[in-house]
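Structural overview for review
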Amino acid sequence: MNKPLDKKIGYSACPHDCPSTCALDVELLDAHTIGRIRGAADNDYTAGVICAKVARYAERIHHPDRLLRPMRRKGEKGSGEFEPVSWETALDIVAEQFETAAQRHGSETVWPYFYAGTMGLVQRDGINRLRHAKRYSGEYDTICTNMAWTGFIAGTGRLAGPDPREMGRSDLVVIWGTNAVATQVNVMTHAVKARKTRGARIVAIDVYMTETMRQADIALLLKPGTDGALACAVMHVLFRDGHADWEYLDRYTDRPRDLEAHLRSRTPEWASAITGLSVAEIEEFAAMVGRTPRTYFRLGYGFTRNRNGTANMHAASCIAAVTGAWKHEGGGAFHNNGAIYKLDKRMIEGSDLRDPSVRMLDQSRIGAILTGDREALRGGAPVTAMLIQNTNPVSVAPEQDTVKRGFARGDLFTCVHEQFMTETARMADVVLPATTFLEHDDIYKGGGHQYLIFGPKLVEAAGEARENHFVHVELARRLGAEHPGFAMTPRDHIDWMLKSSGYGTLEELEAGRWRDLQPDFETAHYLNGFAYPDGKFRFSPDWTKVPSSNDGPMGPWQQMPELPDHFAVIEDANELYPFRLATSPARGFLNSTFNETPTSRQREGRPTVMVHPDDAAPLDIADGDEVRLGSPRGEVSLHAKFFEGVRRGVLVAEGIWPNDAFPDGKGINTLTGADPVAPYGGAAFHDNRVWLRRSA
Ligand SMILES: Nc1nc2c(c(=O)[nH]1)N[C@H]1C(S)=C(S)[C@@H](COP(=O)(O)OP(=O)(O)OC[C@H]3O[C@@H](n4cnc5c(=O)[nH]c(N)nc54)[C@H](O)[C@@H]3O)O[C@H]1N2
Ligand SMILES: Nc1nc2c(c(=O)[nH]1)N[C@H]1C(S)=C(S)[C@@H](COP(=O)(O)OP(=O)(O)OC[C@H]3O[C@@H](n4cnc5c(=O)[nH]c(N)nc54)[C@H](O)[C@@H]3O)O[C@H]1N2
Ligand code: SF4
Ligand SMILES: [Mo]
């Protein structure tokens, strides 16, 4: 990773919705132009490695299709016909529409809708300040992390775990339900380091042979939604073969004897029938875990995007407590470090103005909400005005057909602030051009590591693009929203937050580039007790009281298992829908981001569904044929790709392509469901029963 000496290098952090939050070195060619981006070699988590799509960020930031001017809709909704207007005019229209809507239906009719297109704390979360000040509807954030976080916190009581860098000092790294090569490359950096330096083994667990599975020493290819059964059988073997650490269990866990008794019937044979793995595979994996004190479970998001996903995450996290792996360096279970940062975000979010009686609307159920479902609206006013930032729901949200019908409503006003003319922006009444992370200041925290990283503005904004904070401030001014946070710059916000959190100043952070907030070993490994009042890990959590951010139980939460189990609420295949479909991420895209950059599109080709050749033959489907998929929610057409690395009966469609890349103009989320996953909601993107046919 030699830096060319003649090029100026700017320091930043990757803003994308990826647990790696890489520290970046950005070549600056002039005040407007960047060259290559590299991973910071002197950051010991990034360790000089980043993904290809961000290395080529020049393609995205300097893309000819960047939005450069504010626009207002000229033609029919969704026609794509817009006319340029000034920022003043555009913001005036938005403010006026919000005021009119609020006068007619009350303030909750306005719904600010945002997500993690940027993970910068100021630019992403500042929209909440506007919402609190104006008493607009809140967003209950469920589309991504809810199931995984709840499942992990159910056991430990806190969203944190052993230092991610300890993976490099582990003897067995279990990469569970995450395609790390594609979705968070640095996990591989550290796992492979352990293999090279100490002969560690790598186990991967997925529903198809991803690149991560191929790079693993042992690849466990199971049926979707069956990870809870696998975890139970592994624990069964650990108890059976004397690998349970009883001293640890008695001191650190809630009901170990009940767990042991409960698991007696959860044999490898039982799990083999559910997971499709062989008894030998399960026995071998369990034996490795049993004889390897330094086993590091790196638990991902993918396997939680099932209707039993929260329960499965919890079950997987229990294994480390049975063996006491938590006691050792390089041992324990890790999902995300969200709880270590303890940042004071009051000024960014304006939380002092928050009125808890204002309704929260479920992000994943945007389709039901926009089409007037009373329950989804919580009995309140219809949503008639929206400000959308950092997210592309008309591509990424489940039950697309409903979402599109909602956005097409004539009485819905939408303002979309975007970098590109996404499918959501196309449906807007007003489109505002947004800066990218290299064109504004922000601060980032790593979910998959422990650094707080500053990302300053490095180049001038393209065209008239403005940062999110600018939009919050300018709308606040027009709407009479008052809060000291509106009078501050992003740098002021960062400085305020750092000082108030006890982390020094922005000047200090900028000088050091990042700040390492890794808790001490005892805390990270829960050696002083888990984060429940009695200090005990919960094999048997009270699912109605998991200390995660939640909005009250929903989904089939009453049926959740008392102790880890196979929670049989997934969309099993049946006669009408004989396949199970996972909609896994594509390596070249990041959700729907980068599906506009040329090399990413080239790499991914076209929307396809991976089919086992033996499943295709009886359906008269040849490799490359155009096929149709139908779920209880809708139908799409795309092309079949033969792949022996999927199980019989399982289909995988990678990537969130734009709807218009599909022959029928209907994207993959036409098939996915928005019914809430127990116990606190979320979208089960990988849990779909479907039929498959050759296109007529
Ligand atoms: N290249 C790329 N990187 C990304 C993203 C992207 O779209 N593309 N998305 C970003 C975002 S927003 C997030 S949240 C993270 C998510 O990153 P991950 O934690 O990796 O989660 P997923 O991408 O949902 O899925 C990971 C894997 O889980 C598998 N899987 C599906 N169902 C099951 C199951 O039942 N059991 C098991 N064991 N595995 C299953 C999928 O096939 C997939 O290979 O990645 C981020 N990084
Ligand atoms: N089928 C299927 N669907 C899925 C998933 C799946 O695995 N399968 N994964 C789900 C997951 S995990 C997630 S997190 C969601 C993510 O879905 P989204 O949150 O919609 O993520 P992206 O598609 O990356 O879209 C982010 C948008 O934000 C814009 N953006 C980036 N930075 C800024 C900025 O600073 N300001 C403004 N105004 N805009 C900005 C980008 O241009 C981009 O269009 O998708 C979900 N949808
Ligand atoms: S691996 Fe993730 S955090 Fe790192 S550069 Fe790529 S998208 Fe960004
Ligand atoms: Mo996500």
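Conventions adopted
Residues numbered from 1 in each chain as written. Chains lettered and ligands numbered in written order. Predicted model: local features only at pLDDT ≥ 70, side-chain atom pairs only at ≥ 80, totals over all residues. Heavy atoms only, no water. UniProt positions renumbered as here; feature names shortened; annotations may be inferred. Helix = DSSP H or I, 4+ residues; strand = E, 2+ residues; numbered from the N terminus. Phe/Tyr/Trp six-rings, centres within 6.5 Å; stacked < 30°, edge-to-face > 60°. Buried < 20%, exposed > 50% of the residue type's maximum accessible area, 1.4 Å probe, protein only. Near = heavy atom within 4 Å. Polar contact = N/O pair within 3.5 Å; in protein donor to acceptor, adjacent residues only side chain to side chain. Areas by Shrake-Rupley, 256 points an atom, 1.4 Å probe, with all protein chains shown as cover. Nonpolar A, V, L, I, M, F, W, Y, C, P; charged D, E, K, R; others polar. Domains from an automatic or database assignment. Salt bridge = Lys/Arg side-chain N within 4 Å of Asp/Glu carboxyl O. Pairing = 2+ DSSP bridges. Core = buried A, V, L, I, M, F, W, Y, C linked by side-chain atoms within 4.5 Å. Contact = heavy atoms within 4.5 Å. Axes fitted to C-alpha atoms, helices over the stretch in contact; angles between N-to-C directions.

Describing the UniProt feature "domain: 4Fe-4S Mo/W bis-MGD-type" (unreviewed entry) in the protein chain
The residues that UniProt annotates with the feature "domain: 4Fe-4S Mo/W bis-MGD-type" (unreviewed entry) are residues 7-65. Secondary structure across residues 7-65 comprises 15% helix and 31% strand; the distance between its end C-alpha atoms is 27 Å.

Remarks on the packing of aromatic side chains
Inspection of every chain in the model, using the stated rule, returns 18 aromatic pairs. A ring pair is formed by Trp326 and Tyr526, whose centres lie 5.3 Å apart and whose planes are at 85°; its orientation type is edge-to-face. Of this pair, Trp326 sits in the loop between helix H15 (309-323) and strand E12 (332-334) while Tyr526 sits in the loop between helix H24 (521-524) and strand E20 (579-582); the two residues are 200 residues apart in sequence, bridging distant segments of the chain. Relative accessible area serves as the criterion here: at 0%, Trp326 is assigned to the buried category.

Focus on the site of ligand 2
Not every one of the 30 residues close to ligand 2 is listed here, only the nearest: Asn392, Glu418, Asn468, Ser592 and Thr593. Take Asn390: an N or O atom from its side chain is 3.1 Å from a nitrogen atom of ligand 2. One of the side-chain N or O atoms of Thr391 is found 2.8 Å from an oxygen atom in ligand 2. With the chains in place, 96% of the 920 Å² that ligand 2 exposes on its own is no longer accessible. The residue makeup of the shell around ligand 2, split by class, is nine nonpolar, 17 polar and four charged. Looking at the shell around ligand 2, you find at least three residues from each of domain 2 (71-138 + 349-439 + 455-485) and domain 4 (579-694).

What about the pattern of salt bridges?
Overall, the coordinates contain 57 salt bridges when judged by the stated rule. With a shortest N-O distance of 2.8 Å, Glu27 and Arg38 are connected by a salt bridge. Pair noted here: Glu27 is in strand E2 (residues 23-28) and Arg38 is in strand E3 (residues 34-39), with a separation of 11 residues, a long-range link. This pair shows no difference in class: Glu27 is buried, exactly as Arg38 is. For the salt bridge of Asp258 with Arg255, the shortest nitrogen-to-oxygen distance reads 2.7 Å. Of the residues examined, Asp258 reaches a relative accessible area of 35% and is grouped as partly exposed. Connected through salt bridges with shared partners, the residues Arg307, Glu571, Arg580, Arg633, Asp675 and Asp687 form a single ionic network.

Quick word on the pairing of strand E9 (residues 201-206)
Counted residue by residue, E9 has five buried out of six residues, so it is predominantly covered. When strand E8 (residues 172-176) meets E9, the two strands line up parallel, connected through five bridges. Paired with Ile175 across the two strands is Ala204, which belongs to E9. In terms of strand pairing, E9 meets strand E10 (residues 218-221) through four bridges, oriented parallel. Following the sheet pairing, Asp206 is matched in E10 by Leu221.

Structural notes on the nonpolar core
Trp176, Leu230, Phe285 and Phe297 are the most contacted members of the largest nonpolar core, which has 92 residues in total. Top element by residues in this core is helix H10 (residues 227-240). It accounts for 10 residues. Residue assignment places this core across two domains, with domain 3 (162-334 + 539-559) and domain 4 (579-694) each supplying three or more. Those residues in contact with Phe285, other than ones at most four positions away along the chain, are Val174, Trp176, Val203, Ile205, Leu220, Leu230, Val234 and Phe297. Within the second largest apolar cluster, 77 residues are counted, among which are Cys18, Ile369, Leu412 and Ala428.

Description of the site of ligand 3
Around ligand 3, the neighbouring residues are Cys14, Cys18, Ser20, Thr21, Cys22, Ile50, Cys51, Val54, Val185 and Leu590. The class makeup of the residues in the shell around ligand 3 is eight nonpolar, two polar and no charged.

Thoughts on the sheet that holds strand E4 (residues 71-73)
Two modes of strand pairing occur in sheets, parallel and antiparallel, and in both the strands are linked by backbone hydrogen bonds. With respect to topology, six strands assemble into an open sheet ordered E5-E4-E16-E15-E14-E6, the strand pairing being mixed. Across the chains shown, the open sheet's two edge strands, defined by having one partner strand only, are strand E5 (82-84) and strand E6 (110-114). Between one strand axis and the next, the sheet turns by 20° as a mean value, whatever way the strands run. Two strands pair when backbone bridges link them, and E4 and E5 are joined in this way by three bridges, in the antiparallel orientation. Residue pairing for E5: Met71 is matched across the bridge by Pro84. Helix H3 (residues 87-105) rests against E4, E6, strand E14 (385-389), strand E15 (413-418) and strand E16 (430-433) of the sheet, and its axis sits at about 135° to E16. Packed on one face of the sheet, helix H5 (residues 127-134) meets E6 and E14 and runs near 165° to E6.

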